[in-house]
2 protein chains.
Amino acid sequence: MATATIYDVAAHAGVSIKSVSRVLNAEPNVSQALRDKVDKAVAALGYRRSLSARTLAGASSSLIAALVDAQLTIEHWRSGRGNDYLSRLELGALMECRQADFHLMVELVDHGSPDLRRDLMSLLASIRPAGVMLTPPNSDHPVVLDVLDEAGIPYARIGPESDFHRGIRVSMDEQQAAADITDHLIDLGHRRIGMITGPLGYSASRLRLAGFEAAMKGRGLTIAPGMVVDGDFTFQSGLAGAERLLAAEPRVTAIFAANDDMALGVLQGAAAMGLSVPGDLSVAGFDDTPSALFSTPSLTTIRQPVAEMAAAATRRLVPSLRAALAQGEAAEAVVVPYALIVRASTGTPPAE
Amino acid sequence: MATATIYDVAAHAGVSIKSVSRVLNAEPNVSQALRDKVDKAVAALGYRRSLSARTLAGASSSLIAALVDAQLTIEHWRSGRGNDYLSRLELGALMECRQADFHLMVELVDHGSPDLRRDLMSLLASIRPAGVMLTPPNSDHPVVLDVLDEAGIPYARIGPESDFHRGIRVSMDEQQAAADITDHLIDLGHRRIGMITGPLGYSASRLRLAGFEAAMKGRGLTIAPGMVVDGDFTFQSGLAGAERLLAAEPRVTAIFAANDDMALGVLQGAAAMGLSVPGDLSVAGFDDTPSALFSTPSLTTIRQPVAEMAAAATRRLVPSLRAALAQGEAAEAVVVPYALIVRASTGTPPAE
DNA sequence: TTGAAAGCGCTAACAA
DNA sequence: TTGTTAGCGCTTTCAA
């Protein structure tokens with residue numbers, strides 16, 4: 001396959017290579033006639049610019065690098081499970097890249113490495129991405145942010161938890177979402193609602209707890225002692241949390257778990273105690289992982305707009321896409337709307 | 001960040017750039033002294049070759065492109081669900097790329113496009129990957145294979161269903177896996193076992209059915225009429241299939257669904273009929289999607305080694321990795337072992 | 001065993 | 001509005 005080069009196109013169109021380059025880059029001050037000639041030649045030859053040549057010559061690289069955490073990824077690899085978060089993220093980014101003729105490269109970053117700085121610098125030197133998308137926990141790693149700043153490479157941080165002045169921040173309103181799902185339970189008639197939190201080291205966990213507390217307070221409800229228990233986002237901790245919450249009297253009629261895996265654990269715990277869901281107990285989760293849809297009963301939860309966040313990030317990282325954004329849209333801090341998904345695991349509380 | 005170039009390294013080491021290049025490429029006929037000097041300079045400068053310059057200058061690109069189906073991906077995007085298959089695939093590929101200092105690029109391919117041939121050629125011209133990984137249904141698309149052959153780019157096909165002489169084929173033994181899970185049910189004491197198949201247009205569906213039939217026959221069991229019903233891999237079709245199978249008398253004591261989503265539908269159908277699983281009915285799936293672990297009861301299933309298949313493919317696509325493979329391992333057709341995962345949805349049949 | 005010089009296919013000054 | 005000429009940082013001839 002002797003691929004056509006810019007010289008072939010120029011020859012075919014009877015113009016200089018610079019003119020071809022101008023048309024290809026949509027530069028101003030080009031006559032329509034020239035534009036047409038070049039377009040025709042490009043079409044005739046099935047020409048496409050070489051990514052390497054463009055990057056080498058100094059254009060930005062039309063390449064977005066997604067820096068994902070190696071440890072988390074390896075954990076998923078070992079457990080044989082996929083990584084729903086990662087795949088949704090990618091889909092969102094890919095859809096946008098496609099529009100702009102950009103490419104997505106996925107890179108594993110070992111954020112615990114002592115050579116992180118050097119690893120990162122050499123990675124960037126090697127691939128020279130036009131922009132970088134950071135996923136938690138890389139979104140908040142100071143070394144990662146520093147290196148990117150020094151290299152002058154634009155970056156978008158998905159779900160940042162700190163340094164709210166650096167880079168492009170794309171997130172959802174965790175607190176409001178938690179408040180919404182709590183309100184949903186209260187609207188159904190629940191008064192005694194328990195919560196299982198995520199690890200409080202994550203601000204997402206703290207925000208979800210704050211949303212729960214705010215909603216309860218906003219509706220004049222008190223959270224009895226022991227009605228908030230700690231979890232660590234695992235199925236097991238959800239199960240354990242459910243056992244503790246359901247042992248207390250008067251029993252809670254609803255449990256809000258800070259993620260779906262824990263909510264699934266609650267479902268199992270309830271089943272083990274012979275409690276029907278939602279007849280005896282309503283259960284709500286957070287994230288809308290695939291398993292939430294197929295659990296019995298299916299789980300009421302918050303859909304984290306992961307794909308949408310990645311798409312928003314990509315749109316702000318790719319120059320041509322960014323240019324197409326409306327004025328207000330182009331902000332450096334974007335909050336993407338979530339959705340409350342009401343399924344079968346929540347209902348009215350049992351009669352007293 | 002003024003990144004170091006090969007000239008900087010050469011200057012630092014007091015040698016020519018060609019020598020640096022030789023050391024970097026592990027070419028023969030290089031003195032140890034020179035090698036040491038260069039290595040030291042590289043380390044001192046934190047030097048890393050530019051991917052673009054290398055590719056442009058003619059070296060193969062140290063880039064693997066995964067060509068995934070755009071339609072499937074967009075469907076997943078719209079439905080808000082992730083894509084477990086894709087993420088497992090990527091993890092496997094990424095882990096291997098990392099070893100070899102290769103990079104993974106994910107590309108959407110619209111296999112229904114009338115311009116597929118041109119799209120593909122220009123994609124390859126643009127990124128010039130050293131190797132390509134094909135996922136279903138691209139694994140079997142003749143145009144895709146043709147273009148790759150013409151371009152002389154090595155490719156690996158995950159789960160190929162035809163053309164068993166082209167490219168590197170990486171698969172698992174679908175039929176044996178189905179036979180294994182059927183044997184598992186028979187070993188538990190089941191005699192009346194129903195099956196819900198996938199769309200028979202896919203050879204994977206046919207192989208799973210063949211495995212079921214072979215196992216039944218191998219154990220001297222007959223498959224009564226109506227004991228095999230068609231499904232289409234969706235939850236809904238699993239539910240419908242269960243309703244049909246469970247309406248027949250004498251009732252089946254076990255159902256093998258050709259994938260997990262359908263098995264989850266069976267679980268729901270059984271629950272709706274007041275049947276306990278596995279007390280009254282055993283249910284087995286296929287794939288080991290994340291939801292299989294969290295369903296109630298958790299699902300006995302076959303773990304598709306998606307990540308392992310991708311890793312095997314990558315190992316055969318990356319020259320340095322391929323060189324490290326043992327003799328027999330290097331075959332162009334690789335069968336990766338699956339695993340039978342016995343969970344809570346299968347047990348001994350109810351007493352007659 | 002080493003090095004000098006010529007590209008790879010583009011973009012970016014600088015002219016015309 | 002268009003074209004000419006240098007590079008970008010490598011690998012690859014071809015010499016030494």
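Everything quoted here is computed from the prediction, not taken from an experiment.

A. Summary view of the UniProt feature "domain: HTH lacI-type" (unreviewed entry) in chain A. Following the UniProt record, the feature "domain: HTH lacI-type" (unreviewed entry) maps to residues 4–58 of chain A here. The span residues 4–58 of chain A is 67% helix and 0% strand, and its two end C-alpha atoms sit 21 Å from each other.

B. Quick look at the protein's contact with DNA strand C. For DNA strand C, the set of nearby residues contains 26 residues, the closest of which are A:I6, A:Y47, A:R54, B:S19 and B:N29. Of everything in DNA strand C that lies within 4 Å of the protein, sugar and phosphate atoms constitute 65%. Residue A:K18 places a side-chain N or O atom 3.1 Å away from a base nitrogen belonging to DNA strand C. In this structure, a phosphate oxygen belonging to DNA strand C sits 2.5 Å away from a side-chain N or O atom of A:Y47. Among the elements of the structure, α1 (6–13), α2 (17–24) and α4 (51–57) of chain A together with α2 (17–24) and α4 (51–57) of chain B are those that each provide at least two residues to the surface near DNA strand C. Here the surface near DNA strand C is composed, by residue class, of twelve nonpolar, eight polar and six charged.

C. Quick look at the domain arrangement of chain A. Taken domain by domain, chain A consists of domain 1 (6–56), domain 2 (63–172 + 306–317) and domain 3 (174–304). In this structure, domain 1 of chain A and domain 3 of chain A have C-alpha centres spaced 59 Å apart.

D. Highlighting the sheet that holds strand β1 (residues 63–69) of chain B. Judged by pairing direction, the sheet is mixed, and its twelve strands sit side by side in the order β11(A)-β5(A)-β4(A)-β3(A)-β1(A)-β2(A)-β2(B)-β1(B)-β3(B)-β4(B)-β5(B)-β11(B) without closing on themselves. Edge strands, defined here as strands with exactly one partner in the open sheet, are β11 (333–335) of chain A together with β11 (333–335) of chain B. Taking the axes of each pair of neighbouring strands and ignoring which way they run, one obtains an average angle of 20° across the sheet. With three bridges joining them, strand β4 (residues 155–158) of chain B and strand β5 (residues 168–171) of chain B adopt parallel strand pairing. Bridging from a neighbouring strand, B:A156 pairs with B:I168 of β5(B). Across the sheet, helix α6 (residues 84–100) of chain B lies against β2 (103–109) of chain A together with β1, β2 (103–109), β3 (131–134) and β4 of chain B, angled at about 150° from β2(B), the strand it touches most.

E. Inspection of the interface of chain B and chain A at higher detail. Across the contact, 64 residues belong to chain B and 64 residues belong to chain A. For the pairing of chain B and chain A, the buried interface totals around 5,700 Å² over both sides, and the portion due to carbon and sulfur atoms is 66%. Between chain B and chain A we count ten residue pairs in polar contact (both at pLDDT 80 or more) in total. Broken down by element, the side of chain B that touches chain A gets its largest block of residues, ten residues, from α6(B). Bridge count between β2(A) and β2(B): three bridges; the pairing is antiparallel. Its bridge partner lying in β2(B), A:V106 is registered against B:L104.

F. Just the protein's contact with DNA strand D, in detail. Surrounding DNA strand D, one finds 26 residues, the nearest of these being A:S19, B:I6, B:K18, B:Y47 and B:R54. Protein-proximal atoms of DNA strand D, defined as those within 4 Å of the protein, fall in sugar or phosphate at a share of 62%. At 2.5 Å, a side-chain N or O of B:R54 approaches a phosphate oxygen of DNA strand D. Considering only residue class, the surface near DNA strand D consists of twelve nonpolar, eight polar and six charged.

G. Layout of the relation of the copies chain B and chain A. Of the transformation superimposing chain B on chain A, the axial component is 0.0 Å and the angular component is 180°, with the fit at an RMSD of 0.2 Å. With respect to symmetry, the two chain copies, as superposed, fit the operation of a two-fold axis. Of the residues that chain B buries at the interface, 100% are likewise interface residues in chain A, meaning the two copies contact each other through the same surface.

Rules used in this analysis
Residues numbered from 1 in each chain as written. Chains lettered and ligands numbered in written order. Predicted model: local features only at pLDDT ≥ 70, side-chain atom pairs only at ≥ 80, totals over all residues. Heavy atoms only, no water. UniProt positions renumbered as here; feature names shortened; annotations may be inferred. Helix = DSSP H or I, 4+ residues; strand = E, 2+ residues; numbered from the N terminus. Near = heavy atom within 4 Å. Polar contact = N/O pair within 3.5 Å; in protein donor to acceptor, adjacent residues only side chain to side chain. Nonpolar A, V, L, I, M, F, W, Y, C, P; charged D, E, K, R; others polar. Domains from an automatic or database assignment. Pairing = 2+ DSSP bridges. Axes fitted to C-alpha atoms, helices over the stretch in contact; angles between N-to-C directions. Contact = heavy atoms within 4.5 Å. Buried area = accessible area lost by both parts, 1.4 Å probe. Least-squares fit on C-alpha atoms with pLDDT ≥ 70 in both.

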